[in-house]
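Notes for the structure review
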Amino acid sequence: MPTMTTEPSVWRDAWVVSAKDLRIEMRSRVVMNQVLPFGLLVLVLFALALGPGRQTLIGAAPGLFWVAVLFSSVLAVQRSFSLESSDGARDGLRLAGLDPAGVFLGKAGAVAAQLGALEVVLGAGVVVLYGADVRSLLGLVAACLVATVGLAAAGTIYGALAAGLRVRETLLPFLLLPVVAPVLLAGTRAWQAALGSPPGAAGGASTGGGDPWMGVLVVFALVYVSLGVLLYGYLEEAA
Amino acid sequence: MSGMPDVTAGETQPAMGDRGLRPWSERTVWVVRILGIASLVGVAATVWLGLWVTPPDRVQGNLVRLVYVHPAVAWIALYVAFGTVGVASVLWLWPRTRSSFFDRLAASAMEIGTVFTGLTLVTGSIWGKPTWGVWWAWDARLTSTALLFVLQLGYLALRRVPSDPESRARRSAVAALVAALDVPIVHFSVLWWRTLHQKATVLTPTLSPKIHGIMAWTLLLGFVAFTLVFFWMLAVRMRSASIEDYLDDEGMDAALEERWAEGSSIAAESEEPAAAPVGTLVGAGMPATVKGGEL
């Protein structure tokens, strides 16, 4: 691949791709009308499974929130790549001369924006449905922002990996969910600290407060964003 | 096996350069054979020392004998196998060293590594039941190893998806690298979480083993024996992988030839009643056009 592109154009390419994906979402509303209700449905199903006891639900709220986010992120990533599965759109994107790193950042950015919106609604859902009270809004938002970057980056890598395969619908969750498990773990602990919910069966793990878990989220995000920037070119060629 | 010198061509033409089957040289055969014998002897010696020679532990009794198996198996699964997969994947991705050899190396090491990860979980579970009272504890290291096992199964599932060898190698190399980043998390998770799991015994920062005498030597022998077993299996598995690749190619060639023969015989038959020379002409012409179209 010729390296005529300079640094600013990576960001421009990212912006172009991001804007394209978000514009499609604005017009089709697939994530808003299907993925978001699915996330809320997951919250309701958890409540049905755990019973109506307020204490149980409040204790489990942080974990349930992140499981709902993880499930929704699989769908959001699948949607992001199914946009380009027909009419040779993937090849078109490749032939448009965009920098692969830019395409990666753009797609991940669009996924992150959609996940962010989703998290706002799901977070409100946790507060309303489970009756959790917020002790530190800043803590919740900070954990969400960093975790979303990591989730979107890892999701985009795996989305590209599975795109073009006939079995992608079943393969993607299997590949993606174990990789993002640290986000579930760290996000849950960070939220436990911010929601002031009891650590539950977690034992003495909350000794250091929420901070080491924010560290895990930051490292995860950095690792997967840089991996995506470095490796996305290879994945585009594999299609 | 030599790397492909010209790699820029890889984009348009699949890397087929070294896919032909080459017999192992006399020396390779001997090296692999000696490796096999050494690993079998090593495992036998570990079994003998571990079960009969070493004394039972004061606290754990005979259970302590699992220490000669479990850490060694885990060492292969988490470090040796995954390290091999990681290095091989990087070498495949790096254009100057790209060769189907490294793809086979990564795939074979991952397969064997998955078996060893499974064994790590099973032996750990067998050890956990009498000492902790449960088959499974939600300890950090157990959980991370289980996640790693799922990641490895994912890699193998990805490899099984039908796809052309070049893009399969590309996907697999990326998937392996992304998954390999879980291994440091496994290692450091022991420090991050408070854990039921025993801290490292031999590979402590100061490298001063906490167990002594014959037990330490048996433990060390176990590590060496299982490492030899891993590399022996790796050599044999890679051999069978290259034979599989070769058979795939051969099968394709054979199928193509069959089709050409079919085409020319049909052409010959239909022209039979007419003058024979025309028939042979068409018969000879057919394969060329088919060949041009197919390739």
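Residues numbered from 1 in each chain as written. Chains lettered and ligands numbered in written order. Predicted model: local features only at pLDDT ≥ 70, side-chain atom pairs only at ≥ 80, totals over all residues. Heavy atoms only, no water.

**Observations regarding the overall build of chain B**
Heads up, the condition is: The numbering of helices and of strands both runs from the N terminus, where a helix is a DSSP run of H or I of at least 4 residues and a strand a run of E of at least 2. Note on classification: 1.4 Å probe, protein chains only; a residue is buried when its accessible area is under 20% of the maximum for its type, exposed when over 50%, partly exposed between these limits. In this description, contact between two residues means that some pair of their heavy atoms is separated by no more than 4.5 Å. Each accessible area is a Shrake-Rupley result for a 1.4 Å probe, and residues are judged covered by the shown protein chains and nothing else.
Helix and strand counts for chain B stand at eight helices and zero strands. Helices (α) and strands (β) of chain B occur, in sequence order from the N terminus, as α-α-α-α-α-α-α-α. The buried share among the 295 residues of chain B stands at 41%. Here the contacts in chain B between residues at least 6 apart in sequence split such that 77% fall between residues at least 24 apart. Total accessible area computed for chain B in this model is approximately 16200 Å², and 69% of it derives from carbon and sulfur atoms.

**Side note on helix H3 (residues 100-132) of chain B**
Residue and element names in this part refer to chain B. Threshold: A helix is expected to span 1.5 Å for every residue after the first. Contacts described as polar in this section are N or O atom pairs within 3.5 Å, which, within protein, must combine one atom able to donate a hydrogen with one able to accept it, while residues neighboring in sequence count only if both atoms come from side chains.
Taking 1.5 Å of rise per residue, the 33 residues of H3 would be expected to cover 48 Å, and the 46 Å separating its terminal C-alpha atoms lies within 8% of that figure. Where H3 begins, the side chain of Ser 99 points an oxygen toward the backbone nitrogen of Phe 101, at a separation of 2.9 Å. Among the residues trailing H3, Gly 133 stands out with phi positive, at a value near 90 degrees.

**A few points about the interface of chain A and chain B**
Let me state the cut-off plainly: Note on terms: buried area is the combined drop in 1.4 Å-probe accessible area of two parts once they are placed together, counting the loss on both. Between Lys or Arg on one side and Asp or Glu on the other, a salt bridge is scored when a side-chain nitrogen of the former is within 4 Å of a carboxyl oxygen of the latter.
Listed per partner, the contact involves 31 residues of chain A and 27 residues of chain B. Together chain A and chain B conceal approximately 2400 Å² of surface at their shared face, both sides included; 75% is due to carbon and sulfur atoms. Here chain A is connected to chain B by zero salt bridges. Counting the contacts that link chain A with chain B gives four residue pairs in polar contact (both at pLDDT 80 or more). At the level of elements, helix H6 (137-162), helix H7 (168-179), helix H8 (181-195) and helix H9 (211-238) of chain A are the ones that each hand at least two residues to the side of chain A that touches chain B.

**Quick word on the confidence of the model for chain B**
Residue and element names in this part refer to chain B. The condition is simple: Each residue carries a pLDDT score, the predictor's confidence in it, ranging from 0 to 100.
On average, chain B scores 77 in pLDDT, and the residues at 70 or more come to 74%. Here residues 1-19 scores under 50 on pLDDT; set against residues more than four positions off or in separate chains, the count is 30 contacts. Note that residues 275-295 has pLDDT below 50 and, in this model, eleven contacts with residues that lie over four places away or in other chains.

**Quick notes on the side chain of Arg171(B)**
Operational definition: In this tally Asp and Glu are treated as negative and Lys and Arg as positive; neither His nor the chain ends contributes.
Structurally, Arg171(B) can be placed in helix H5 (residues 165-180). Buried and unpaired, Arg171(B) has no salt bridge, with Asp164(B) as the nearest side chain of opposite charge at 6.8 Å.

**Quick notes on the environment of Asp133(A)**
With respect to the helices and strands, Asp133(A) occurs in the loop between helix H5 (100-130) and H6. In this structure the C-alpha to C-alpha distance between Asp133(A) and Ala194(A), which are 61 residues apart in sequence, comes to 9.4 Å.

**Overview of the packing of H5(A) against H6(A)**
Residue and element names in this part refer to chain A. As a reminder of what qualifies: Helix axes are fitted to C-alpha atoms over the stretch in contact, other axes to C-alpha atoms as well, and angles between N-to-C directions run from 0 to 180 degrees. Here roughly perpendicular refers to angles of 65 to 115 degrees, roughly parallel to angles under 35, roughly antiparallel to angles over 145, and oblique to all remaining angles. For any pair of crossing helices, the crossing counts as left-handed if the nearer helix is rotated counterclockwise from the farther one by less than a right angle, and right-handed if it is rotated clockwise. Each residue is assigned to one of three groups, with Ala, Val, Leu, Ile, Met, Phe, Trp, Tyr, Cys and Pro labelled nonpolar, Asp, Glu, Lys and Arg labelled charged, and all others, Gly among them, labelled polar.
At their nearest, the axes of H5 and H6 sit 8 Å apart, and the two run at 135 degrees to each other. Judged by the angle between their axes, H5 and H6 are oblique. With respect to the hand of their crossing, H5 and H6 are arranged in right-handed fashion. The residues of H6 that touch H5, namely those facing Phe 104, Lys 107, Ala 108, Val 111, Ala 112, Leu 115, Gly 116 and Glu 119, are Cys 144, Thr 148, Leu 151, Ala 152, Ala 153, Thr 156 and Ile 157. Grouping the constituent residues of the contact of H5 with H6 by class yields ten nonpolar, three polar and two charged.

**Considering a nonpolar patch on the surface**
Residues and elements named next belong to chain A. Here is the rule: Note on patches: the residues involved have over 30% relative accessible area and no salt bridge, like charges join within 9 Å, and the nonpolar side chains Val, Leu, Ile, Met, Phe, Trp and Tyr join within 5 Å.
A contiguous nonpolar patch, built from Leu 41, Val 44, Leu 45, Leu 48, Val 127, Val 128, Leu 129, Val 134, Leu 137, Val 141 and Leu 145 and spanning about 980 Å² of accessible area, is present on the exposed surface. Counting only elements with at least two residues in the nonpolar patch, the list comes to helix H2 (30-50), H5 and H6. Turning to its location among the elements, Leu 41 is positioned in helix H2. Leu 41 gets classed as partly exposed once you look at its relative accessible area, which sits at 43%.

**Here we look at unusual backbone geometry**
Residues and elements named next belong to chain A. Its identity as a non-glycine residue notwithstanding, Arg 29 has a phi of 55 degrees, on the positive side. Structurally, Arg 29 can be placed in the loop between helix H1 (7-28) and H2. Looking at Arg 29, the relative accessible area reads 41%, which means it is partly exposed. Despite not being glycine, Asp 87 shows a phi value in the positive range, around 60 degrees.

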